[in-house]
Amino acid sequence: MVAFTVAIDGPAASGKGTISRAIAAHFGFAHLDTGLLYRATGRKTLDGTPALEAAQNLMASDLQGDALRTPEVAQAASKVAAMPEVRKALVDFQRAFAARAGGAVLDGRDIGTVICPQAQVKLFVTASDQIRADRRWKELTYKGHKVTLDEVLSDLRERDRRDSTRADAPLKAASDAISLDTTTLSIEEAVAAAVKEIEARM
Ligand code: C5P
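Criteria and thresholds
Residues numbered from 1 in each chain as written. Predicted model: local features only at pLDDT ≥ 70, side-chain atom pairs only at ≥ 80, totals over all residues. Heavy atoms only, no water. Axes fitted to C-alpha atoms, helices over the stretch in contact; angles between N-to-C directions. Helix = DSSP H or I, 4+ residues; strand = E, 2+ residues; numbered from the N terminus. Parallel < 35°, antiparallel > 145°, perpendicular 65-115°, else oblique. Left-handed = near helix turned anticlockwise from the far one by under 90°. Contact = heavy atoms within 4.5 Å. Nonpolar A, V, L, I, M, F, W, Y, C, P; charged D, E, K, R; others polar. UniProt positions renumbered as here; feature names shortened; annotations may be inferred. 1 Å grid on protein atoms, 1.4 Å probe; cavity = no way out; pocket = protein on both sides within 12 Å on 5 of 7 lines; lining within 4 Å. Buried < 20%, exposed > 50% of the residue type's maximum accessible area, 1.4 Å probe, protein only. Polar contact = N/O pair within 3.5 Å; in protein donor to acceptor, adjacent residues only side chain to side chain. Near = heavy atom within 4 Å. Sits in = over half its atoms within 2 Å of the grid points. Points joined across faces, edges and corners; volume = space filled by probe spheres on them. Salt bridge = Lys/Arg side-chain N within 4 Å of Asp/Glu carboxyl O.

K.L.:
Would you mind going over the packing of helix H1 (residues 16-27) against helix H9 (residues 187-199) with me for this structure?
P.N.:
Helix-helix packing is characterised by the crossing angle of the two axes and by the distance between the axes. Where H1 meets H9, the axes come as close as 10 Å, and the angle between the chain directions of the two elements is 55°. Accordingly, the angle class assigned to the pair H1 and H9 is oblique. Judged by the twist between their axes, the crossing of H1 over H9 is right-handed. Contacts from Thr18, Ile19, Ala22, Ile23, His26 and Phe27 in H1 reach Ile187, Ala190, Val191, Ala194, Val195, Ile198 and Glu199 in H9. Of the residues that constitute the contact of H1 with H9, the class distribution is 10 nonpolar, 2 polar and 1 charged.

K.L.:
I tried to follow the UniProt feature "binding site: ATP" (unreviewed entry) in the protein chain on my own but got confused; where do I start?
P.N.:
Residues annotated by UniProt as "binding site: ATP" (unreviewed entry) correspond here to Gly10, Pro11, Ala12, Ala13, Ser14, Gly15, Lys16, Gly17 and Thr18. Lining the largest pocket, out of the annotated residues just given, are Ala12, Ala13, Ser14, Gly15, Lys16, Gly17 and Thr18. With respect to the element layout, glycine 15 can be found in the loop between strand E1 (5-9) and H1. The contact partners of glycine 15, leaving out residues within four places of it in the chain, are Val125 and Arg135. Classification of lysine 16 by relative accessible area gives buried; the value is 8%. Those residues in contact with lysine 16 that sit more than four places away from it in its chain are Ile8, Asp9, Gly10, Pro11, Asp107, Gly108, Arg109 and Val125. Polar side-chain contacts of lysine 16 include one of 3.5 Å to the backbone oxygen of proline 11.

K.L.:
Honestly, the site of the ligand in this entry has me stumped. Any pointers?
P.N.:
Taken together, 15 residues surround the ligand, and among them Arg39, Arg87, Arg159, Asp163 and Arg166 come closest. A distance of 2.6 Å separates an oxygen atom of the ligand from a polar atom in the side chain of aspartate 163. Of the pockets mapped on this structure, the ligand occupies the largest pocket. Only helix H2 (35-46), helix H4 (71-80) and helix H8 (149-165) provide two or more residues apiece to the shell around the ligand. Broken down by class, the residue content of the shell around the ligand amounts to 3 nonpolar, 4 polar and 8 charged.

K.L.:
What's the story with empty space enclosed by the protein in this structure? I'm lost.
P.N.:
To find leftover empty space, one rolls a probe the size of a water molecule over the atoms. Inspection of every chain in the model, using the stated rule, returns 1 cavity of 30 Å³ or more. Considering only enclosed or pocket space, the largest cavity measures out at about 40 Å³ in volume. Taken together, Ala7, Asp9, Gly112, Thr113, Lys122, Leu123, Phe124, Lys172, Ala173, Ala174 and Ala177 make up the full set of residues lining the largest cavity. Elements represented by at least two residues in the lining of the largest cavity include exactly E1, helix H6 (111-115) and strand E4 (121-126). No other element matches the 3 residues that E4 contributes to the lining of the largest cavity. The residue inventory of the lining of the largest cavity, partitioned by class, reads 6 nonpolar, 2 polar and 3 charged.

K.L.:
Please clarify how the pattern of salt bridges should be interpreted in this entry.
P.N.:
For the structure shown, the criterion picks out 14 salt bridges. Taking the shortest distance from any N to any O, the salt bridge between aspartate 176 and lysine 122 comes out at 3.1 Å. Highlighted residues: aspartate 176 in the loop between H8 and strand E5 (178-181) and lysine 122 in strand E4, separated in sequence by 54 residues. You can call aspartate 176 partly exposed: its relative accessible area is 49%. The class of lysine 122 is buried, set by a relative accessible area of 6%.

Structural data, given as structure tokens:
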């Protein structure tokens, strides 16, 4: 049986993580938030571990915890993500995950373009900068981080710029990706739109 893969890409805080989790629950697919691989790698470099060594030795236990969801780790993640050797070290794990029996959803920046170019469904999720910053600011503030909306906005823009201008696997929609702009959509509406696109391709 051919594996059924849903590839979901988009910039930071576009809603792709929320949509991916909901889709995985709806269809009973496995879900991999590939940003966690880069966040866990970036996290280790903050302690002085060389980036490639960190990427090659990731363990499941490294991928958990709120410690990965900080602005500092997000920036470190986008720096290691620009290193081709780091990306290469993480490819096999992601492709093996995508090939799981029973279907898989992977979300990230290069899933539809590089990791799973054969995915049956590719979504490219976007939202305005202001909305994305607002969502991320609420999330961070709720967790107790002291950040201003302006700091969050400039952080997201810096990360998007680095992610979309790097030479290797930049953030970009695959030519056959379906665009989903979540700026004016509720979570329920965004998920319903994604479910409809997937059902049409099953
Ligand atoms: O999705 P998230 O914001 O957690 O990703 C953190 C960083 O990891 C991104 O800013 C990006 O630099 C990197 N990343 C990537 N490719 C992916 C997923 C994440 O380069 N597939």
